[in-house]
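Results of the structural survey
Now for the letters of each chain:
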Amino acid sequence: MKKSLAGLVLTLGLAFTAGAQAVVDNFAFGFSPRTGDAWVDTQLGDINVFARGNTDGFIDDVVVSYGAPRYPAVRELYYDRRWAPGDIYYACAIAYQLRRPCLEIVDIYQRDHGQGWGAIAKRLGIKPGSPAFHALKGNVGKGHGKMKGNQGAAGRPRPASRAVRRTRAAARARVAIRAKERARTRAAAEARPSSPVMK
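Per chain, residues are indexed from 1 in the order of the written sequence. In view of the model being predicted, local features appear only for residues whose pLDDT reaches at least 70, and side-chain atom pairs are presented and counted only at 80 or more, with totals across whole chains, interfaces and linings using the full set of residues. Where side-chain values are given, they derive from all heavy atoms of the structure, hydrogens and water being excluded.

**Thoughts on the overall build of the protein chain**
Strands are runs of DSSP state E lasting at least two residues, helices are runs of H or I lasting at least four, and both sets are numbered from the N terminus onward. Of regular secondary structure, the protein chain possesses 9 helices and 0 strands. Residues classed as buried in the protein chain amount to 32% of the 199 residues present. The contacts in the protein chain between residues at least 6 apart in sequence include a share of 64% that link residues at least 24 apart. The method behind every accessible area is Shrake-Rupley, applied with a 1.4 Å probe, and residues are considered shielded solely by the protein chains displayed. Of the roughly 12300 Å² of accessible surface on the protein chain, 59% is carried by carbon and sulfur atoms. Throughout this description, buried means an accessible area under 20% of the type-specific maximum (1.4 Å probe, protein chains only), exposed means over 50%, and partly exposed covers the range between. Whether two residues are in contact is decided by their heavy atoms, any of which lying within 4.5 Å being enough.

Below, the structure written as structure tokens:
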């Protein structure tokens, strides 16, 4: 009896894990970056894997590296719109390279994702092999390196940089302010006398 119960629990656990993984990989667009560079495509795929295990670290890296707005942009794309982390990362990297808002590039990809990142970047002026493309590729490698191995020499995690700590503290402060504002609004709405119902 105990063995069959243990077997059932193990089977259900494995099924749940497989189901959870399928949900994580259920991106809004099938992930196929088609950047025009096999190395960049691989890096973006690795970013998907990293973000799966360290979502906050991924979001911090995009915000700090590319100045992308954490709220609502990066978090909304990841949690609500179910964008692949590699796509979020590359959209913000292109925006940074072009000195344009990340959400502008997001809107372009949302509309034309069937063409792939390579065609979109080319249309925006980042042609394969150009200095702009090599700079973009270098930015992807730099950010990906931070995400891939945030380990010290002895295998211990490195402490977050001062900029990352400031960004996290500012984000926590904004969340706390918004929560207080919502609580005040809710309290004010509950304190108002209700109007009499007309018969």
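The rest of the description comes next.
**Let's talk about helix H6 (residues 102–112)**
Residues of H6 that are buried: Cys102, Ile105, Val106, Ile108, Tyr109 and Asp112. Angular distribution of buried residues about the axis of H6 spans 165°; they occupy a single face of the element. Those residues of H6 that are buried lie in contact with helix H4 (70–80), helix H5 (85–98) and helix H7 (116–123). Here, the arc refers to the directions that run from the helix axis to the C-beta atoms.

**Concerning the packing of aromatic side chains**
The relation between two aromatic rings is expressed through the spacing of the ring centres and the mutual angle of the planes. The aromatic pairing rule takes the rings of Phe, Tyr and Trp, using the six-membered ring of Trp, and pairs them if the centres are within 6.5 Å, calling planes under 30 degrees apart stacked, those over 60 edge-to-face and the rest tilted. Counted under the stated rule, the structure contains 7 aromatic pairs. With a centroid separation of 3.9 Å and 5° between ring planes, the pair formed by Tyr109 and Trp117 is classed as stacked. With respect to burial, Tyr109 and Trp117 carry one shared label: buried.

**A word on a positive patch on the surface**
The patches described consist of residues with a relative accessible area above 30% and no salt bridge, like charges being joined within 9 Å and nonpolar side chains (Val, Leu, Ile, Met, Phe, Trp, Tyr) within 5 Å. We define a salt bridge as a side-chain nitrogen of Lys or Arg found within 4 Å of a carboxyl oxygen belonging to Asp or Glu. By the counting rule applied here, Lys and Arg register as positive and Asp and Glu as negative, while His and the ends of each chain are not counted. In plain terms, the charge of a residue is placed at NZ if it is Lys, CZ if Arg, CG if Asp and CD if Glu. A cluster of basic residues, Arg174, Arg178, Arg182 and Arg186, forms a positive patch at the surface. Within the element layout of this structure, Arg186 appears in helix H9 (residues 162–191).

**Focus: the state of the cysteines**
Two cysteine sulfur atoms make up a disulfide if the distance between them is within 2.5 Å. By the definition in use, this model includes 1 disulfide. There is a disulfide in this structure between Cys92 and Cys102, and the S-S distance comes to 2.2 Å. Linking Cys92 and Cys102, the disulfide has an S-S dihedral of approximately -70° and is accordingly described as left-handed. Of the two residues, Cys92 sits in helix H5 while Cys102 sits in helix H6, which places them 10 residues apart along the sequence. A residue is classified by how much of its surface remains accessible, and Cys92, at 1% relative accessible area, is buried. Residue Cys102 is classed as buried on the basis of its relative accessible area, which comes to 8%.

**Here we look at the packing of H5 against H6**
Where H5 meets H6, the axes come as close as 8 Å, and the angle between the chain directions of the two elements is 125°. With respect to their mutual orientation, H5 and H6 come out oblique. In the packing of H5 onto H6, the handedness of the crossing is right-handed. Packed against H5, whose contacting residues are Asp87, Ala91, Cys92, Ile94, Ala95 and Leu98, the element H6 presents Cys102, Ile105, Val106 and Tyr109 at the interface. Note on residue classes: Ala, Val, Leu, Ile, Met, Phe, Trp, Tyr, Cys and Pro are nonpolar, Asp, Glu, Lys and Arg are charged, and everything else, Gly too, is polar. Here the residues of the contact of H5 with H6 sort into 9 nonpolar, no polar and 1 charged. Between the N-to-C directions of two axes lies an angle of 0 to 180 degrees, each axis being a line fitted to C-alpha atoms and, for a helix, fitted only over the stretch in contact. Working rule for angles: under 35 degrees goes down as roughly parallel, over 145 as roughly antiparallel, 65 to 115 as roughly perpendicular, anything else as oblique. Should the near helix be turned anticlockwise from the far one by less than a right angle, the crossing is termed left-handed; should it be turned clockwise, right-handed.

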